[in-house]
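Spelled out from the first residue to the last, the chains are:
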Amino acid sequence: MTNAPPPPSTAAQSARTILTRLHEVMASRANAQGKLNQVVGIIGECLDSEVCSIYLLREGALELYATRGLKQEAVHVTRLGLGEGLVGMIADQIETLNLDEAAAHPDFSYRPETGEELFHSFAGVPIIRRERAVGVLCVQHADPRRYDDIEIETLQTVAMVLSELISNADLVDTAARTDAAAADQSAQRLNGQKLVDGMGAGVAVFHQPRITIEHTVADDTEAERHRVYAAFDKMREQIDRMASSADFGVGGEHEEVIETYKMFAYDEGWSRRINEAIDSGLTAEAAIERVQQRTRMRMRQIDDPLLRDRMHDLEDLSNRLIRIVSGQMGTAAQMGGLRQDSILIARNLGPAELLEYDRRRLKGVVLEEGSLTAHVIIVARAMGVPVMGRVSDVRASIREGDLLLLDSAAGSVHVRPTQAVQDAFDAKLEVSQKRRANLASLRDLPAVTKDGVPIELMINAGLREDIAALDLTGARGIGLFRTEFQFLVSATLPSRDRQQRLYRDVLDAAGDRPVIFRTVDIGGDKALPYMNVGDSAQEENPAMGWRALRLALEREGLLKVQARALMEAAAGRTLNVMFPMVSEPWEYEAARDLFVGQRAWLASHNKKLPVAIRYGAMLEVPGLLETLDLMLPHLDFLSIGTNDLTQFLFAADRAHPRLAERYDWLSPTVMRYLARVVRTVSGSKVALGVCGEMGGRPLEAMALLGVGIERLSITPAGVGPVKAMIRSLDLGALRADMPAILAQPSSNPRGQYQDWADSHQVDLGD
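Note that the structure is predicted; figures quoted are calculated from it, not measured.

Thresholds applied
Residues numbered from 1 in each chain as written. Predicted model: local features only at pLDDT ≥ 70, side-chain atom pairs only at ≥ 80, totals over all residues. Heavy atoms only, no water. Helix = DSSP H or I, 4+ residues; strand = E, 2+ residues; numbered from the N terminus. Buried < 20%, exposed > 50% of the residue type's maximum accessible area, 1.4 Å probe, protein only. Contact = heavy atoms within 4.5 Å. Areas by Shrake-Rupley, 256 points an atom, 1.4 Å probe, with all protein chains shown as cover. Phe/Tyr/Trp six-rings, centres within 6.5 Å; stacked < 30°, edge-to-face > 60°. Lys NZ or Arg CZ within 6 Å of the ring centre and 35° of its normal. pLDDT = per-residue confidence, 0-100. Pairing = 2+ DSSP bridges. Axes fitted to C-alpha atoms, helices over the stretch in contact; angles between N-to-C directions. Salt bridge = Lys/Arg side-chain N within 4 Å of Asp/Glu carboxyl O. Expected span 1.5 Å × (residues − 1). Core = buried A, V, L, I, M, F, W, Y, C linked by side-chain atoms within 4.5 Å.

(A) Representation of the overall build of the protein in the model. When helices and strands are counted, the protein shows 27 helices and 22 strands. Taken over 766 residues, the protein has a buried fraction of 56%. Pairs at least 24 apart in sequence give 69% of the contacts found in the protein among residues at least 6 apart. With the model as given, the accessible surface of the protein reaches about 31100 Å², and the carbon-plus-sulfur share is 49%.

(B) Seen up close, the environment of M578. Within the secondary structure layout, M578 lies in strand β18 (residues 574–579). Between the C-alpha atom of M578 and that of M618, which follows or precedes it by 40 residues, the distance is 6.8 Å. Excluding residues that lie within four positions of it along the chain, M578 makes contacts with G479, L480, I516, F517, R518, T519, G616, A617, M618, F637 and S639.

(C) Region of the structure containing the packing of aromatic side chains. The tally for this structure, following the rule as stated, stands at six aromatic pairs. With centroids separated by 6.2 Å and ring planes inclined at 85°, the aromatic side chains of F595 and Y615 adopt a geometry described as edge-to-face. Taken together, the residues span a long stretch of sequence, with F595 in helix α20 (residues 585–604) and Y615 in strand β19 (residues 612–619) at a distance of 20 residues. Summarising the burial analysis for this pair, F595 and Y615 share the class buried. These aromatic residues form a ring-pair network of at least three members: F579, Y588, F595 and Y615. The ring of Y147 carries the charged tip of R145 above its face, separated from the ring centre by 4.2 Å. Lying over the aromatic face of W601, R564 brings its terminal NZ or CZ to 3.8 Å of the ring centre.

(D) A look at the confidence of the model for the protein. Overall, the prediction assigns the protein a mean pLDDT of 81, with 80% of residues at 70 or greater. With pLDDT under 50 throughout, residues 174–183 is counted as low confidence; its partners more than four residues away or in other chains account for 13 contacts. Confidence drops under a pLDDT of 50 for residues 247–253, and excluding neighbours within four residues, the segment shows 16 contacts in the predicted structure.

(E) Layout of the sheet that holds strand β6 (residues 132–141). Overall, antiparallel pairing links the six strands, which are arranged β3-β2-β1-β6-β5-β4 in an open sheet. The open sheet is flanked by β3 (79–81) and β4 (97–99), the only strands paired with a single partner. Direction aside, the axes of adjacent strands within the sheet are offset by 25° on average. Pairing of strand β1 (residues 51–58) with β6 involves six bridges; the strand directions are antiparallel. Bridging across to β6, Y55 finds its partner in V136. Docked against the sheet, helix α2 (residues 32–46) engages β1, β2 (61–68) and β6, running at close to 65° with respect to β2. Helix α4 (residues 149–168) rests against β1, β4, β5 (121–129) and β6 of the sheet, and its axis sits at about 40° to β5.

(F) Seen up close, the pattern of salt bridges. Here the structure, examined in full by the defined rule, presents 23 salt bridges. Between E369 and R347 there is a salt bridge; the shortest N-O distance is 3.1 Å. In this pair, E369 sits in the loop between β11 (362–367) and α12 (375–383) while R347 sits in the loop between β10 (342–346) and α11 (351–355), placing the two residues 22 residues apart along the sequence. Under the relative-accessibility criterion, R347 is labelled buried at 19%. In this structure, the salt-bridge partner of E626 is R676, at a minimum N-O distance of 3.2 Å. With E626 in the loop between β19 and α21 (628–631) and R676 in helix α23 (residues 668–681), this residue pair connects regions lying 50 residues apart in the sequence. Under the relative-accessibility criterion, E626 is labelled exposed at 54%.

(G) Region of the structure containing helix α25 (residues 716–727). In a regular helix each residue adds 1.5 Å, so 12 residues correspond to 16 Å; α25 covers 18 Å between its end C-alpha atoms and thus fits that length. Where burial is concerned, most of α25 is hidden: nine out of the 12 residues are buried. Within the sequence span of α25, burial applies to G718, V719, G720, P721, V722, K723, A724, M725 and I726. Where α25 is buried, its residues touch α14 (419–441), β15 (456–461), α15 (469–473), α24 (698–707) and β22 (711–714).

(H) Fine view of the sheet that holds strand β8 (residues 193–196). If you walk across this open sheet you meet the eight strands as β7-β14-β13-β9-β10-β11-β12-β8, and the pairing is mixed. Every other strand in the sheet has two partners, leaving β7 (188–191) and β8 as the edge strands with one partner each. Pairs of neighbouring strands in the sheet enclose a mean axial angle of 30°, with direction left out of account. Of the pairings in the sheet, the one linking strand β9 (residues 199–206) to strand β13 (residues 403–407) comprises five bridges and is antiparallel in character. Bridge pairing links A201 to L405 in β13. Sitting on the sheet, α14 touches β9, β13 and β14 (412–415), and the angle it makes with β13 is about 35°.

(I) Here's a closer look at the side chain of T473. Mapping T473 onto the fold places it in helix α15. For T473, a relative accessible area of 13% corresponds to the buried category.

(J) Structural context of the nonpolar core. Judged by nonpolar contacts, the single largest core of 91 residues is most densely connected at F595, L638, M671, M702, L712, M725 and Y753. Per element, the largest residue contribution to this core is eight residues, and it comes from α23. When near neighbours in sequence (up to four residues on either side) are disregarded, M671 contacts W665, L666, M694, A703, L704, V707, M738, L742 and Y753. Counting residues in hydrophobic clusters, the runner-up holds 55 residues, among them I42, M160, L162 and L317.

(K) View of α14. Compared with the 33 Å implied by 1.5 Å per residue over 23 residues, the 34 Å span of α14 between its first and last C-alpha is a close match. Residues F425, S432 and L439 constitute the buried set of α14. Buried residues along α14 sit against β9, β13 and α25.

Following this line, the structure appears as structure tokens:
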């Protein structure tokens, strides 16, 4: 963190003005209700907003506690349940809303006693205490308009101060969620998602205590800034020491993970944002938490799971920095380590935090969040530690010291198990160990079906460290390298030299195995803080907005720089380049022509060039199929992106919690569409593959092979199980039965494919 902070931003100055006035209110002798009444007046006045309201969580519902602009008779009368209306949704999902027309939102709930029908625009932020929403602060305006980013940041800063005020005044329900584990001694089974395969038994150990920030408003801004400087120095010393001492026994991706983690620790953009929060009048702890909250909200908006999970590293570092600056208790590892075989419990983990634990006693990890592509999962896999994620209510079900039996393959953890459950666990563990040995033995064997059809198994990647998975899995190459991650983790736009070094390192590590580079897919849900992309940050549906190739063709300079970097990195080799989110043939042709022009420019300047360039496109927009025949003569390969394709086919946002599990990849809609794609491409020179998550699951991969797909690019974790499926499959028999399956699908299509696999003894790893 630099010792010369930039001048306070407009956002910081605006927030500081409000915080100064709020500080006077908090120091006054008025009662809590009187203080909140003054607060809504101050915020409404400073933001020039006709309405400002505060809702607090009381007896399980959000109660209108103070307002400027709504009818006063609604105070303490209007109540909304968690998840009810816009206010309830903000509290339930701990998210920010910014709407120019509130009534048009599907979750809008009209309450006539408030008189809010006079107002159109709406913005609201959660008031957070101990990682949960205890209230909502919102503003409204008569004219339809979106609130500026500066205004939203100001509201978020004020919400932190309100959290302290209402907590000190005992205005929120401290017992809104009871600790059921304190009274429940019975055996339980909790379910979750397998992140790292394996089984383990041990006592429950919670990774870290909850960090509570007691003071949010700074008395001395410069003193707070120096506290953060010192904390940054100490944190970086810890990370450097950990990176130098980490020893996995083998080289590879996990070592690169730590290097990337160090990059976050030294990122000046992060430290600058904390400085700006201090400028607004926050204490060091509150400033770090303020930036962390913003990061969490951005994580929820990022649709790409690989990129979203990389943001967890910054979350981990934020937690570490707050612990250092506040002097609060550290993690279980820092407070004495593991004294016996243990299962670690955490909301989330960073790679460095996991490395602090004794691997001899760490038998597994249970996360409330987490996903397959997180950095900590790469490290855990290298350590041989099973991990299960997406386990809800762990603190309400598990106590420190409880015996846990973790079976990540089954997506379960048994809490305080009975003796019968322990005996069954031990028997399954023996079988599981044999299964893992069998999958490991497949690494160097070809992915060929029982009837002799070769299938090309490749992996998806996004960083240098991902390349090590080629050797670990025996994959044939990288079918999707997401180049945008370098842009998302950088504080500034990556230069051509930096891009070129990354691409060359990836190609060198891959050797003679092919790498398909997808050109930068930014915009929409992957906004860059240092790059103004117009109105994309305000889009109602960013996944279908100004992003990917659409944005890149408008910002030709961005794509030209990337084209040169890719070509110079691939000098003397074959370059495979793929364009994302192609909607019509002309978009693909424009992107390809840009690359052709840059190749000519490099040649005219006597630069070394690739021996060949193969061009491809991603099929993610369903409508592209209608003109695909026009593109085929100009394509070398086509990759189907099943993630975006599925949500566009069903008009269903896959990030929406109510829709995420509703539409099945094995539904007739998806499978018939894919069969049409195969028929359209058949007979051309175009190589066809799938590079979405669908191909990484054995049952779904079997169905893809059945409709004619013979190249899959999947997560590294899926290669072993999918290869086992392939080597047990009679593909001819499956393809003979597929026309009937597609023509007469059952009401349970997943069960239909499962029954076929069972009757033909296909190894699905169940």
